[in-house]
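Structural overview
Each chain, letter by letter, is given below.
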Amino acid sequence: MKRRAFLTLAAAAAALPRPLLAGAPGRQGLVPAEPPRPLPAVEFKDAEGRAVPLSTFKGKPVLLNVWASYCAPCVAELPALDRLKARDGGIVVLAVSLDPLGAKQAGGTLRRLDVTHLDLLLDPGFTLTGALALPSLPTTLLIDREGREIGRFIGAAAWDGPEAAPVLDALRQGRTLAGVTAPPVVRLTGPAP
Amino acid sequence: MRETTTESPSPAMRASAFLMLLALLLLLAVPATAQTAVTGRFRLDDHDGHRVTQDSYAGKLRLMTFGYTYCPDICPTSLGTMAGALTLLGDAAAQVVPIFVTVDPQRDTAAHLKDYLDAFGPRFVGLTGTARMVDDAAKAFRVRYVIHPPAAGEPDSYVVDHSAGIYIMDRDGAFLAKLPHLMGADEVAERLRPLLK
């Protein structure tokens, strides 16, 4: 509970300064892909170092979160993803860590957070940033049953909360994200980690 | 005075308008051409508190990026991309120094950088300094940044916008290339490979 208190809804999200500089990795919130975008063949590693191709999950809607231990908002978002996964609402919930030092680093973070439902998945070689075009973390890709990206959420969200439900419903029902109300970006408060 | 604005401008006014237009065009043109003029010179403090310059890493290739570590909402991926590229290079990565230069020296102290960069392995060097030193370094790399005013009552809570990208500097510290921030680790490694001995 303490950690949740650390997250506040960015009520002032609209008041946040927009990135002024072209190329600054500053875009945040829901970015629908219209039309849905086929994704390149990517894979990550499980805790034992075995390759897990993303195509493994074809046929099911997938929420693919990309995080790292050095990214404080990513770490703050993980418990909500863990609770979402525990609920098993017909969506495959994947959280892939980009921790450069791999399983030891990422596994340590999951244990510290008491995250038990999410599987430890890794991309220590940082191949996903290029392949999936990720300028910033956390980024969560919403992937339909055909393995296409229907959109992405840049920044942290309370994925287990009521405000994320419309996006998750659309994903589950195979709809596009056009006109779907997005959850707000959550922002860390308190001292720098 | 109001009426004069409806009259056709005097030759003097026309000339000054022309000069203003010329100045504006020059202003617009300069950043585009200056983009290539990266001198790569800096005088900063490393994360152990040692004063360093571009000559401190003589003989080594450098991968450099500018940014700040305090990211309350989203964090850039460029440092991880650099770490990933070095992993892919294996032993040859010893010829490359990965360097992170903060544009937020107020919060990114040497001690904080040392702690933060730990997550990327022992090779990473963090550079900071006074606001002036950091500003000079940013100018030498044509990096632009804007420190936004802090939130009300929270002097340490502010956002910094900065231009992204990863620089490859040669063994003498001269500019070789600027890679877009969306480049994958594998692509960065490919760009470095021909430069390795």
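1. Thoughts on the sheet that holds strand 5 (residues 96-102) of chain B
All names here are of chain B. Strand order in the open sheet made by the seven strands is 2-1-6-5-3-9-10, with mixed pairing throughout. Unpaired on one side and paired on the other, strand 2 (51-53) and strand 10 (175-179) mark the two borders of the sheet. Shown here is a sheet whose adjacent strand axes are inclined to one another by a mean of 35 degrees, direction ignored. Looking at chain direction, strand 9 (residues 166-169) and strand 10 are connected through four bridges and run antiparallel.

2. Brief notes about the interface of chain A and chain B
Contacts between chain A and chain B engage 39 residues on the former and 34 residues on the latter. Summing both sides of the interface, chain A and chain B together bury roughly 2900 Å²; the carbon and sulfur share of this comes to 65%. Arginine 187 of chain A is the salt-bridge partner of aspartate 73 of chain B, the closest N and O atoms lying 2.9 Å from each other. If you list the elements that add at least two residues to the side of chain A that touches chain B, you get helix 2 (72-87), helix 4 (128-131), strand 8 (136-137) and strand 11 (186-188) of chain A. Partitioning the side of chain A that touches chain B into residue classes produces 26 nonpolar, 10 polar and three charged. In this sheet, strand 4 (residues 75-76) of chain B lies alongside strand 8 of chain A in antiparallel orientation, the contact comprising two bridges. The partner of serine 136 of chain A across the bridge, within strand 4 of chain B, is proline 76 of chain B.

3. Regarding the state of the cysteines
Residues and elements named next belong to chain A. Summed over all chains, the structure comprises two disulfides over all chains. Note that cysteine 71 is cross-linked by a disulfide to cysteine 74, the S-S spacing being 2.1 Å. Residues cysteine 71 and cysteine 74 are joined through a disulfide that is right-handed, its torsion about the S-S bond being 80 degrees. Among the residues examined, cysteine 74 registers a relative accessible area of 0% and is labelled buried.

4. Here's the deal with the sheet that holds strand 10 (residues 148-154) of chain A
Residues and elements named next belong to chain A. As summarised here, the arrangement of the eight strands in space is 2-10-9-5-6-7-3-4, forming an open sheet in which the pairing is mixed. One side of each edge strand has no neighbouring strand; the edge strands of this open sheet are strand 2 (29-38) and strand 4 (51-53). Together, strand 2, strand 5 (62-67), strand 9 (139-143) and strand 10 form the strand contacts of helix 5 (residues 165-172), whose direction differs from that of strand 9 by roughly 35 degrees.

5. Regarding the confidence of the model for chain B
Any residue range with low pLDDT should be treated as having predicted coordinates unsuitable for detailed reading. Taken residue by residue, chain B gives an average pLDDT of 83. The fraction at 70 or more is 82%. Of the regions scoring below 50 in pLDDT, residues 29-35 of chain B engages in three contacts with residues more than four places distant in sequence or in other chains.

6. Considering the nonpolar core
With 84 residues, the main nonpolar core has Leu64 and Trp159 of chain A as its most contacted residues. When sequence neighbours within four positions are dropped, the list of residues in contact with tryptophan 159 of chain A reads Leu63, Glu77, Ala80, Leu81, Leu84, Thr140, Leu142, Phe153, Ala164, Val167 and Leu168 of chain A.

7. Some details on the packing of aromatic side chains
For the coordinates displayed, the defined rule picks out nine aromatic pairs over all chains. Between tyrosine 70 of chain A and phenylalanine 120 of chain B, the ring centres sit 4.4 Å apart and the planes meet at 50 degrees, which makes this aromatic pair tilted. Taken together, the residues span two chains, with tyrosine 70 of chain A in the loop between strand 5 and helix 2 and phenylalanine 120 of chain B in the loop between helix 3 (110-117) and strand 6 (125-128). For the pair shown, tyrosine 70 of chain A and phenylalanine 120 of chain B are each scored as buried. Seen from their ring centres, tyrosine 167 of chain B and phenylalanine 175 of chain B are 6.3 Å apart, and the 65 degrees between their planes marks the pair as edge-to-face. Assessed through its relative accessible area of 2%, tyrosine 167 of chain B is described here as buried. On the basis of relative accessibility, which here comes to 27%, the residue phenylalanine 175 of chain B falls in the partly exposed class. Ring-pair connections join several aromatic residues into one group, and the members of that group are Tyr70 of chain A together with Tyr116, Phe120 and Phe124 of chain B.

8. Quick word on the pairing of strand 3 (residues 43-46) of chain A
All names here are of chain A. Looking at chain direction, strand 3 and strand 4 are connected through three bridges and run antiparallel. When the bridges of strand 4 are listed, glutamate 43 appears paired with proline 53. Connecting strand 3 to the next strand, strand 4, in antiparallel fashion are four residues, including glycine 49 with a positive phi near 85 degrees.

9. A look at the confidence of the model for chain A
Of all residues in chain A, 84% have pLDDT values of 70 or greater, and the mean over the chain is 85. The low-confidence segment residues 1-25 of chain A, where pLDDT is below 50, has 52 contacts with residues more than four positions distant or belonging to other chains.

10. Concerning the pairing of strand 1 (residues 43-46) of chain B
All names here are of chain B. Pairing of strand 1 with strand 2 involves three bridges; the strand directions are antiparallel. Residue pairing in the sheet places arginine 43 in a bridge with threonine 53 of strand 2. Two successive antiparallel strands, strand 1 and strand 2, enclose a turn made up of four residues, where glycine 49 displays a positive phi of approximately 90 degrees. In terms of strand pairing, strand 1 meets strand 6 through two bridges, oriented antiparallel. Note on strand 6: the bridge partner recorded for aspartate 46 is leucine 127.

Calculation rules
Residues numbered from 1 in each chain as written. Chains lettered and ligands numbered in written order. Predicted model: local features only at pLDDT ≥ 70, side-chain atom pairs only at ≥ 80, totals over all residues. Heavy atoms only, no water. Pairing = 2+ DSSP bridges. Helix = DSSP H or I, 4+ residues; strand = E, 2+ residues; numbered from the N terminus. Axes fitted to C-alpha atoms, helices over the stretch in contact; angles between N-to-C directions. Contact = heavy atoms within 4.5 Å. Buried area = accessible area lost by both parts, 1.4 Å probe. Salt bridge = Lys/Arg side-chain N within 4 Å of Asp/Glu carboxyl O. Nonpolar A, V, L, I, M, F, W, Y, C, P; charged D, E, K, R; others polar. Disulfide = S-S within 2.5 Å. Buried < 20%, exposed > 50% of the residue type's maximum accessible area, 1.4 Å probe, protein only. pLDDT = per-residue confidence, 0-100. Core = buried A, V, L, I, M, F, W, Y, C linked by side-chain atoms within 4.5 Å. Phe/Tyr/Trp six-rings, centres within 6.5 Å; stacked < 30°, edge-to-face > 60°.

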